[in-house]
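# Understanding the architecture of this molecule
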Amino acid sequence: MAFPDAWLDELLAKNDIVSVVSPYVELRPKGRRLWGLCPLHGEKTPSFSVSPDKQMFYCFGCHAGGTAIQFIMQMERLSFVEAVKLLAARAGMELPDDAGDAALQRERAYKERLYAACRKAARFYMETLLGPDGAPGRAYLAGRGLTSEAVKRFGIGFAPASWDALKNRLTAEGFTQQELLDAGLLVHNTEKNSVYDAYRNRVIFPIIGTGGRVLGFGARVLGDEKPKYINTGDTPIYNKRNNLYGLYLQKGRGSGELVMVEGYMDVIGLFEAGVTNAVASLGTALTVQQARLLKRFVPLVYIAYDGDAAGQQATLRGLDILSREGLDVRVIVFPDGLDPDEFVRARGREAFEALKDQALSLNAFKLESMAQGYRLTDENDRERYAKEACRFIASLEPVEQGRYYAQLAKKTGYPVEALKAQGASAGPLEAAPPRRMGAGRRASAAAEEDARTRAENALLQAMAQSREATLAAVEDGAVELLPGGARSRMAAEIIAAYAADAAPNCARIIAAMPEDEAGQLAGVFREDAAAADPVRVVRDCARRIRRFECKQQIDALTQRLSGGMLPAAEREALMQQIQQLTRQLRG
């Protein structure tokens, strides 16, 4: 969804970055900036800065940066569009596409009614659990070892055995029967043409989205009858494939990792034991959408599914989905077929953390699962397992092959060299999943800026400061020296602004950039001092960048020259190019 520039300018003007950041960070003035402890990475000395003049934030520790939009994206784990919508609601602004669209406004208003119905239903179920009709639910929860604190934190409730208790309560509060049907709170029996409560005589687990709103419910029977769980189906405000139970509790935590479990009780049981970073899928196998949602929060996921056969199969499916989305995946293996809730209640948090420390990598777990299909005490079975495992290992990268061939040798007793030969001759069992690059900000945060990067930053600062400097950058070819990506786009936006007789709004330009690019560009404008002579700065930066490129070319040619036996004519040509570039460098 694209937003008009003028509308984004108004949005940023009405969401002063200091007021946006202050609820999350205690800011103290120092110079022309405000400083505080970065909420995005752990630190003891403040390196997080906010510039009221530029309406940007920048952390000198982790190199995160951007405008109020990027800050909300990172703190609330929202997409760009979601962050813009949140800030628009905060400022009381209508979205540009909605302002003149009556149908869209009606749709939004109707969804608000469904949200309100779910919120009222959650309150009703909680009140029922605490009242006389909730005794069976309280007994069940006590039997499962849940404390009153956990019940309150997760908003657990109870649906009475009545067929119409919720229906009567909410219709009395002004909701229509159709609204309650659309919210998934009532069921229509077409054969009997009757409408009744969706959940009866069940413990209720509200499903809360990352925005803090109740979207739907999971309902568990008190005994062993089937189905054990009934979950809200797809509604205008809820889709189980796009949500994860307990994820809303992770906003702002910045733990760097999440534990993926199967059920509501696993999340709650781990939480009570002190493991507060667990989430669960919602009555469905792990989906690509859920994997992408996880990636917005963390780079590392531990899968902690049940230890039974069904749980292990679900683990195998989830591993590939998470890996394909670029997440680092580990597997916690539970003994004796236990589920996470049973294990942590029986053996405690320390035992869980010990299992977590021993978690298997994606490929190690696949090899272990493969071994389950063979009797390794039988010589023939052991050989068949070794051959299948070798085909799988042959599909991995060379360093991984070395690791897993060594492990396979210990498991089977075959020499490593024999296993390598087997893998090479058999061909790969399957192609290794494609690897994606991780977040650019995390990968580059530890590296210091090189001379070229500092020159590019100074060039863009001077261009943003002065129309004359921008004209000089164009005439001298300095803009063409930028390496593409965020900096080239920023330069193009600055040139376009001056061409339209307007000053470049750097905050708005950065606000519309992807998160990683916004962080790069916020770093460009982290210095407060303006250049005394921006035209001179542009020309100096262009000269430095050209010198850098010249050095790079000399290094590349020198490497070719020393790379092996070359024909005499080619060696002579390379030496002449190096000499010419060296003269340029000295001149």
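In this text, all values refer to a predicted model and were calculated from it rather than measured experimentally. (Residues numbered from 1 in each chain as written. Predicted model: local features only at pLDDT ≥ 70, side-chain atom pairs only at ≥ 80, totals over all residues. Heavy atoms only, no water.)

### Considerations on the overall build of the protein
Along its length, the protein carries 25 helices and 16 strands. Restricting to contacts in the protein with at least 6 residues of sequence separation, those with at least 24 account for 64%. Carbon and sulfur atoms make up 50% of the accessible area of the protein, which amounts to about 28900 Å² in all. (Helix = DSSP H or I, 4+ residues; strand = E, 2+ residues; numbered from the N terminus. Contact = heavy atoms within 4.5 Å. Areas by Shrake-Rupley, 256 points an atom, 1.4 Å probe, with all protein chains shown as cover.)

### As for the side chain of Q55
With respect to the helices, strands and loops of the structure, Q55 is situated in the loop between strand 3 (48-51) and strand 4 (56-59). Ignoring anything within four residues of it in the chain, the contact list for Q55 reads L12, N15, D16, I17, G66, T67 and A507.

### Remarks on the pattern of salt bridges
Inspection of the entire model under this criterion finds 29 salt bridges. For K387, the salt bridge is made with E383, and the minimal N-O distance between the two is 3.2 Å. With K387 and E383 both in helix 15 (residues 379-393), this residue pair falls four residues apart, about one helical turn. For E383, a relative accessible area of 34% corresponds to the partly exposed category. D540 is the salt-bridge partner of R544, the closest N and O atoms lying 3.3 Å from each other. Placement of both R544 and D540 in helix 24 (residues 534-561) is noted, with a separation of four residues, approximately one turn of the helix. (Salt bridge = Lys/Arg side-chain N within 4 Å of Asp/Glu carboxyl O. Buried < 20%, exposed > 50% of the residue type's maximum accessible area, 1.4 Å probe, protein only.)

### Side note on the pairing of strand 9 (residues 202-208)
The side chains of a regular strand alternate between both faces of the sheet. The buried fraction of strand 9 amounts to seven of the seven residues, a majority that puts the element mostly inside the structure. As paired strands, strand 6 (residues 157-159) and strand 9 are joined by three bridges and run antiparallel to one another. Looking at the pairing, G157 lines up with I204 of strand 9. Between strand 9 and strand 10 (residues 214-221), which follow one another and run antiparallel, lie five residues, and G212 among them has a positive phi close to 90°. (Pairing = 2+ DSSP bridges.)

### Considerations on the environment of D476
Note that D476 resides in the loop between helix 20 (467-475) and helix 21 (485-499). The exposure class of D476 is partly exposed, given its relative accessible area of 28%. Sequence separation between D476 and R543 is 67 residues; the distance between their C-alpha atoms is 9.8 Å. In contact with D476, not counting residues within four places along its chain, are R539 and R546.

### So, the packing of helix 19 (residues 451-465) against helix 20
Orientation of helix 19 relative to helix 20, taken along the N-to-C sense of each, is 130°, at an axis distance of 5 Å. With respect to helix 20, the axis of helix 19 lies oblique. For the pair formed by helix 19 and helix 20, the contact residues are L459, A462 and M463 on the first element and A469, T470 and A473 on the second. Its residues assigned to classes, the contact of helix 19 with helix 20 shows five nonpolar, one polar and no charged. (Axes fitted to C-alpha atoms, helices over the stretch in contact; angles between N-to-C directions. Parallel < 35°, antiparallel > 145°, perpendicular 65-115°, else oblique. Nonpolar A, V, L, I, M, F, W, Y, C, P; charged D, E, K, R; others polar.)

### Describing the sheet that holds strand 14 (residues 300-303)
Pairing is mixed in the open sheet, where five strands are placed in the order 13-12-14-15-16. Both edges of this open sheet fall to strand 13 (278-280) and strand 16 (360-361), since each of them pairs with a single strand only. Across three bridges, the pairing between strand 12 (residues 257-261) and strand 13 is parallel. Each bridged residue has a counterpart across the sheet, and for M260 the counterpart in strand 13 is V279.

### Focus: the sheet that holds strand 1 (residues 28-30)
Spatially, five strands are ordered 1-2-3-4-5 in an open sheet, and the strand pairing comes out antiparallel. In this open sheet, the two edge strands, each paired with only one partner strand, are strand 1 and strand 5 (65-66). Both strand 2 (residues 33-36) and strand 3 contribute to a ladder of three bridges, which runs antiparallel. Its bridge partner lying in strand 3, G36 is registered against F48.

### Details of the packing of aromatic side chains
Note on aromatic pairs: each is described by the distance of the centres and the angle between the planes. Within the structure shown, the criterion is met by 18 aromatic pairs. Each ring, one from F48 and one from F57, has its centre 5.6 Å from the other, and the planes form 25°; the classification is stacked. Like F48, the residue F57 is buried in the burial classification. Ring geometry for W163 against Y196: centres 5.1 Å apart, planes inclined by 80°, an arrangement best described as edge-to-face. Separated by 33 residues along the polypeptide, W163 in the loop between strand 6 and helix 8 (165-172) and Y196 in strand 8 (residues 194-197) bring together distant segments of the chain. An aromatic cluster is defined as three or more aromatic residues linked by ring pairs; in this entry it consists of F154, F205, Y229, Y245, Y264 and F271. Here the guanidinium or amino end of R200 rests over the ring plane of W163, the centre of that ring lying 3.9 Å away. Lying across the ring of Y302, K356 places its NZ or CZ 4.6 Å from the centre. (Phe/Tyr/Trp six-rings, centres within 6.5 Å; stacked < 30°, edge-to-face > 60°. Lys NZ or Arg CZ within 6 Å of the ring centre and 35° of its normal.)

### So, the pairing of strand 15 (residues 328-331)
By the alternation rule, side chains of strand 15 split into V329 and V331, which are all buried, and D328 and R330, of which none is buried. Across four bridges, the pairing between strand 14 and strand 15 is parallel. Bridged to I303 within strand 15 is V331. With two bridges connecting them, strand 15 and strand 16 associate as antiparallel partners. Counted as the bridge partner of V331 is L360 from strand 16.

### Details of the side chain of E179
Checked against the element boundaries, E179 lands in helix 9 (residues 177-182). Since its relative accessible area comes to 8%, E179 is described here as buried. Polar side-chain contacts of E179 include one of 3.0 Å to the side chain of R113. (Polar contact = N/O pair within 3.5 Å; in protein donor to acceptor, adjacent residues only side chain to side chain.)

### Structural notes on the confidence of the model for the protein
Considering every residue of the protein, the mean pLDDT works out to 84; 90% of them sit at 70 or more. In the predicted structure, residues 428-449 sits below a pLDDT of 50 and forms 31 contacts with residues beyond four places in sequence or in another chain. (pLDDT = per-residue confidence, 0-100.)

### Remarks on unusual backbone geometry
Note that the residue after K226, namely P227, is joined by a cis bond; omega there is -5°. The phi dihedral of Q55 falls on the positive side, at around 55°, and the residue is not glycine. Located in the positive-phi region is N193, a residue other than glycine, with phi close to 50°. Inspection of the secondary structure assignment puts N193 in the loop between strand 7 (186-189) and strand 8.

### Examining the packing of helix 14 (residues 362-371) against helix 15
Two numbers describe how helix 14 lies on helix 15: the axes approach to 10 Å, and their chain directions differ by 155°. For the element pair helix 14 / helix 15, the angle class is roughly antiparallel. In this structure, helix 14 crosses over helix 15, and the sense of that crossing is right-handed. Taking contact as the criterion, the partners of N363, K366, L367, M370 and A371 in helix 14 are, on helix 15, Y385, E388, A389, F392 and I393. Split into classes, the residues belonging to the contact of helix 14 with helix 15 amount to seven nonpolar, one polar and two charged. (Left-handed = near helix turned anticlockwise from the far one by under 90°.)

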